[in-house]
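# Residue-level structural notes
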Protein chains: 4
Amino acid sequence: MARTATAQSATTADLPISRKPGRPRDARCDQAILAATLDIVREGGVVGLSIDAVAARAGVGKATIYRRWSSKEALVLEALQADTEPIDVPDYGNLRRELETYFDQLIERFASSGSSDVLPHLIEAACYDAEVRASLDEYIKQRQKPLVAILRRASQRGDLSPDVDRNVMVEVLVGPVIYRRLLTGGRIDRPFVRKLLDLVLSAG
Amino acid sequence: MARTATAQSATTADLPISRKPGRPRDARCDQAILAATLDIVREGGVVGLSIDAVAARAGVGKATIYRRWSSKEALVLEALQADTEPIDVPDYGNLRRELETYFDQLIERFASSGSSDVLPHLIEAACYDAEVRASLDEYIKQRQKPLVAILRRASQRGDLSPDVDRNVMVEVLVGPVIYRRLLTGGRIDRPFVRKLLDLVLSAG
Amino acid sequence: MARTATAQSATTADLPISRKPGRPRDARCDQAILAATLDIVREGGVVGLSIDAVAARAGVGKATIYRRWSSKEALVLEALQADTEPIDVPDYGNLRRELETYFDQLIERFASSGSSDVLPHLIEAACYDAEVRASLDEYIKQRQKPLVAILRRASQRGDLSPDVDRNVMVEVLVGPVIYRRLLTGGRIDRPFVRKLLDLVLSAG
Amino acid sequence: MARTATAQSATTADLPISRKPGRPRDARCDQAILAATLDIVREGGVVGLSIDAVAARAGVGKATIYRRWSSKEALVLEALQADTEPIDVPDYGNLRRELETYFDQLIERFASSGSSDVLPHLIEAACYDAEVRASLDEYIKQRQKPLVAILRRASQRGDLSPDVDRNVMVEVLVGPVIYRRLLTGGRIDRPFVRKLLDLVLSAG
DNA sequence: GATTAACCGAGACGGTACGTCACGTCTTTAA
DNA sequence: TTAAAGACGTGACGTACCGTCTCGGTTAATC
């Protein structure tokens, strides 16, 4: 995914167990490159990230990077995916409470990450690079999963009308938060989330 | 705004008619530069925009650009502002109808502009450059004005509970649209807007 | 010669029939590599020749080439030697006529080969690589043999004073031709050769 | 000459004294670049010369070099030309003696320069690059001038038959020396020169 | 009318990063 | 052990922009 498509699974192989000829890619390189990428991004953002720098820090040739990722954004995305674990919300049997728990964790994450330039940069890159576009979509989808699960549970419970399009619901919940973060630069805190939930859940 | 503050109009001048010594700036340069900027952005997006290119296209020295704008983002922002006129929605006496009208126009604009990289780029630039940050905020504020007006009218009319934080309301309405545009890449059309309004206005 | 000395014939072997263990080298590889080398050199000169390209064209791994030749110059030299056959001049009993015949053939060869970059490249390579130096010297020596033979015959005949250092004579004859070819880029044709022989043989 | 043709004389200018617009090239850059080039070549030959290295040593951007010279060979040639002064031989009224003096100096130069790779490299480069070809021809022509002068004097004096093509004579004298230097690697010393002159001047 | 100061075009300048290419070596499976 | 394939670290390539800096020349207001 966003990886340069070379070492794909042997779809057309005659035998069940086949191998690509030639020297296989060294997994330690992947590790080193991803680690170096995260380091540099954390230090100076995506702007401070150059392929030269990653190569130098990882002790790796530039070609070794380009062999695996087609752009630095694809690289950053993969590094990011490997680094973040999904937000987990237990089943409280109460939609509002679960959403508050979810957003509390989200608030914390945003707070700790500062005003990173990673997401904006990836969004921009996705405009030009279809591969990044796809990877970013996938990344977003993964990160939305917990929220989708919360809503699904609420539907089954009857806390949420079955008429509601859950995808749109997700967007209505997350959209304003992202909007604040990216555009207005407003504070993302409990009062904001409460007002947001008030507005969106008032129908229930 | 975002203009390099050197030759601004003499707002605080002691004398009614004062002038800076030396040759005054040529207004035709401003025009040529902004026009060239819009051309290039429309052709190749902000990525295809370099100061060298703008200077060449406008038939202008690079210094003439740097004398007026501190960065290419400030330049793009000003070019953009000069180019877009605000969405206008008449007073129908009906919140839902006014919002639908507003979003219809928004949909049309998004459709005609394709998937431009301008906004993402500015968002990213705003991460590093405080001046761009301020200009972008101002730009957003301007573009939100019609929506704010719609909500204010509704409040006065009683269509909207006075408890509702109108700023948050704006964010809840616009956020999901921006979210789709920037992140999920989903379609921004009438069905989407209808579902969005259903969700947000259901309390009313 | 210039071959990587690993699998040479067992000249000093104790037993009449001995064999190295392991898989023997495939002679078809030598052929394919040399052929590919000549092809590429003829198409794009030595500049267009990379080991990667030779390997790809010959359908051979790079290691298979490095196992046999220590450098691409050694490879080119061997390919060249296999490709060129010595100039042959019959005994006319007349030094001047024999030399003219020799140079006629030389002119023809130069004409047909265009202004190849092979010799210049090898000369340069010989500056850094002692092995190439030796191989090139050997190659030159081989190609001078017919000329040396002509001069020896002339000496025996008495057409050439025994005081003359035949090696220097060779250099005086060939030097100017090479000089033109490599440095001044002047035409190498019959009038030039005639003037050259007039000058050098005027003593006789 | 071999210079990137940008700052040529104003052939088509209306006025006798015209100037190119824009900031003029900085002559100190030329100096610094040529000096750095000579340094590096003397240390590690042309192989050790990279544009990056020259730029670094000269404290100059790479573009500043590429703006002036189209290739590193053109650069080396100009550096060389600026560095070498012509061999000077007084009028002794005796062809043989003058030639011996000339070659003595030539021997000394070769001896002091070691077995440089500069000339071989330039010869090879001249195969691909017409500009280098022209510059090299010009360089050779300049360096031959003293020898041509010697022969002209001899002609006027009557020491040299007017039938002799002086250009060919130059090639017959210099060719063998170059041939030794480049190809056979033989010693270039007084005995060799004496034999050479014996052969070539025996007609006189 | 001369001076002065900021403007203008053009383009050179020191940098930084780019993505590609070839090098010669190493690591895999298979013969 | 050789073979094909190809990954590996290295290092140079030539290009594109960056933002700054000289140039000669222009255009007003001030002296």
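These notes cover the structure that comes with them.

## Points about the environment of Ser70(C)
Residues and elements named next belong to chain C. Relative to the helices and strands, Ser70 resides in the loop between helix H3 (62-66) and helix H4 (72-83). A sequence separation of 49 residues divides Ser70 from Pro21, and the C-alpha atoms of the two residues are 23 Å apart. Side chain to side chain, Ser70 and Glu131 meet in a polar contact 3.4 Å long.

## Comments concerning the packing of helix H6 (residues 118-128) of chain C against helix H6 (residues 118-128) of chain D
A pair of packed helices is captured by two measures, namely the crossing angle of their axes and the spacing between those axes. Packing of H6(C) against H6(D) leaves a shortest axis separation of 8 Å and a crossing angle of 155°. Here H6(D) runs roughly antiparallel to H6(C), going by the angle between their axes. The element H6(C) and its partner H6(D) pack so that their crossing is left-handed. Every residue of H6(D) that contacts H6(C) at Pro120(C), His121(C), Ile123(C), Glu124(C) and Cys127(C) is listed here: Pro120(D), His121(D), Ile123(D), Glu124(D) and Cys127(D). Residue composition of the contact of H6(C) with H6(D), by class: six nonpolar, two polar and two charged.

## Focus: the protein's contact with DNA strand F
In the neighbourhood of DNA strand F, 43 residues make up the surrounding shell, with Arg68(A), Thr64(C), Arg67(C), Arg68(C) and Tyr66(D) lying closest. Near-protein atoms of DNA strand F (within 4 Å) split between backbone and bases, with sugar and phosphate holding 68%. Between DNA strand F and Arg23(A) there is a distance of 3.2 Å, counted from a base nitrogen to a side-chain nitrogen or oxygen. Arg67(A) is positioned such that a nitrogen or oxygen atom in its side chain is 2.8 Å from a phosphate oxygen of DNA strand F. Taken together, the residues of the surface near DNA strand F sort by class into 12 nonpolar, 11 polar and 20 charged.

## Digging into the environment of Arg166(B)
Residue and element names in this part refer to chain B. Note on placement: Arg166 falls in helix H8 (residues 166-184). Given a relative accessible area of 31%, Arg166 falls into the partly exposed group. Sequence separation between Arg166 and Gly114 is 52 residues, and the spatial gap between their C-alpha atoms is 30 Å. Once you skip the residues sitting within four places of it in the chain, Arg166 turns out to touch Leu151, Arg152, Ser155 and Leu160. Side chain to side chain, Arg166 and Ser155 meet in a polar contact 3.3 Å long.

## Section: the relation of the copies chain A and chain B
Overlay of chain A on chain B (RMSD 0.4 Å): rotation 178°, translation along the axis 0.1 Å. Taken together, the rotation and translation describe the operation of a two-fold axis. Relative to the rotation axis, the C-alpha of Gly175(A) is the closest in chain A, positioned 2.2 Å from it. In this assembly the copies share their binding face: 100% of the residues contributing to the interface of chain A also contribute to that of chain B.

## Some words on the protein's contact with DNA strand E
Contacts to DNA strand E come from 43 residues, most closely from Tyr66(A), Arg67(B), Arg68(B), Tyr66(C) and Arg68(D). Between DNA strand E and Gly59(D) there is a distance of 3.5 Å, counted from a phosphate oxygen to a backbone nitrogen or oxygen. Within the contact set of DNA strand E, a phosphate oxygen lies 3.2 Å away from a backbone nitrogen or oxygen of Gly61(D). Mapped by element, the contributors of at least two residues to the surface near DNA strand E are helix H2 (51-58) and helix H3 (62-66) of chain A, helix H3 (62-66) of chain B together with helix H2 (51-58) and H3 of chain C. By residue number, the principal contributor to the surface near DNA strand E is H3(C), which donates three residues. Taken together, the residues of the surface near DNA strand E break down into 14 nonpolar, 11 polar and 18 charged.

## Quick notes on the interface of chain C and chain D
Tallying the contact residues gives 38 residues for chain C and 37 residues for chain D. Summed over both sides, the interface of chain C with chain D buries roughly 3,400 Å², with 68% coming from carbon and sulfur. On the chain C side of the contact with chain D, Tyr179(C), Leu183(C) and Leu199(C) bury the most area, a combined 21% of that side's loss. For the pair chain C and chain D, the number of links is four salt bridges. In this structure, the salt-bridge partner of Glu171(C) is Arg180(D), at a minimum N-O distance of 2.8 Å. Applying the counting rule to chain C against chain D returns 13 residue pairs in polar contact (both at pLDDT 80 or more). Among the elements of the structure, H6, helix H7 (130-157), helix H8 (166-184) and helix H9 (190-201) of chain C are those that each provide at least two residues to the side of chain C that touches chain D. Of all the elements, H8(C) adds the most residues to the side of chain C that touches chain D, at 13 residues. In terms of residue class, the side of chain C that touches chain D is built from 23 nonpolar, seven polar and eight charged.

## Here we look at the layout of surface pockets
Considering only enclosed or pocket space, the largest pocket measures out at about 1,300 Å³ in volume. Lining the largest pocket are 47 residues; nearest its centre among them are Arg109(A), Phe110(A), Ser113(A), Arg143(A) and Arg181(A). Of all the secondary-structure elements, those providing two or more residues to the lining of the largest pocket are helix H1 (27-44), helix H4 (72-83), helix H5 (95-113), helix H6 (118-128), helix H7 (130-157) and helix H8 (166-184) of chain A together with helix H6 (118-128) and H8 of chain B. Tallying contributions element by element places H5(A) first for the lining of the largest pocket, with eight residues.

## Regarding the pattern of salt bridges
Taken as a whole, this structure holds 72 salt bridges over all chains when the rule is applied. A salt bridge links Arg42(B) to Asp83(B); the shortest N-O distance between them is 3.5 Å. Taken together, the positions of Arg42(B) in helix H1 (residues 27-44) and Asp83(B) in helix H4 (residues 72-83) put the pair 41 residues apart, joining distant regions of the chain. With relative accessibility at 40%, the residue Asp83(B) sits in the partly exposed group. Linked through salt bridges whose partners overlap, the residues forming this network are Asp91(A), Glu98(A), Arg153(A), Arg157(A) and Asp159(A).

## Comments concerning the state of the cysteines
For the coordinates displayed, the defined rule picks out zero disulfides over all chains. Cys127(A) carries a free sulfur, and the closest cysteine sulfur to it, the one in Cys127(B), is 14 Å from it. When its relative accessible area of 28% is taken as the criterion, Cys127(A) is described as partly exposed.

## Some thoughts on the interface of chain A and chain B
In this complex, chain A contributes 37 residues to the contact, which on the side of chain B involves 38 residues. Roughly 3,400 Å² of surface becomes buried between chain A and chain B when both sides are summed, with 68% attributable to carbon and sulfur atoms. Between the two partners, chain A and chain B, sit four salt bridges. Where chain A packs against chain B, one counts 12 residue pairs in polar contact (both at pLDDT 80 or more). Elements supplying a minimum of two residues to the side of chain A that touches chain B: H6, H7, H8 and helix H9 (190-201) of chain A. In terms of residue count, H8(A) provides more of the side of chain A that touches chain B than any other element does, 13 residues in total. Here the residues of the side of chain A that touches chain B sort into 23 nonpolar, six polar and eight charged.

Scoring rules and cut-offs
Residues numbered from 1 in each chain as written. Chains lettered and ligands numbered in written order. Predicted model: local features only at pLDDT ≥ 70, side-chain atom pairs only at ≥ 80, totals over all residues. Heavy atoms only, no water. Helix = DSSP H or I, 4+ residues; strand = E, 2+ residues; numbered from the N terminus. Polar contact = N/O pair within 3.5 Å; in protein donor to acceptor, adjacent residues only side chain to side chain. Axes fitted to C-alpha atoms, helices over the stretch in contact; angles between N-to-C directions. Parallel < 35°, antiparallel > 145°, perpendicular 65-115°, else oblique. Left-handed = near helix turned anticlockwise from the far one by under 90°. Contact = heavy atoms within 4.5 Å. Nonpolar A, V, L, I, M, F, W, Y, C, P; charged D, E, K, R; others polar. Near = heavy atom within 4 Å. Buried < 20%, exposed > 50% of the residue type's maximum accessible area, 1.4 Å probe, protein only. Least-squares fit on C-alpha atoms with pLDDT ≥ 70 in both. Buried area = accessible area lost by both parts, 1.4 Å probe. Salt bridge = Lys/Arg side-chain N within 4 Å of Asp/Glu carboxyl O. 1 Å grid on protein atoms, 1.4 Å probe; cavity = no way out; pocket = protein on both sides within 12 Å on 5 of 7 lines; lining within 4 Å. Points joined across faces, edges and corners; volume = space filled by probe spheres on them. Disulfide = S-S within 2.5 Å.

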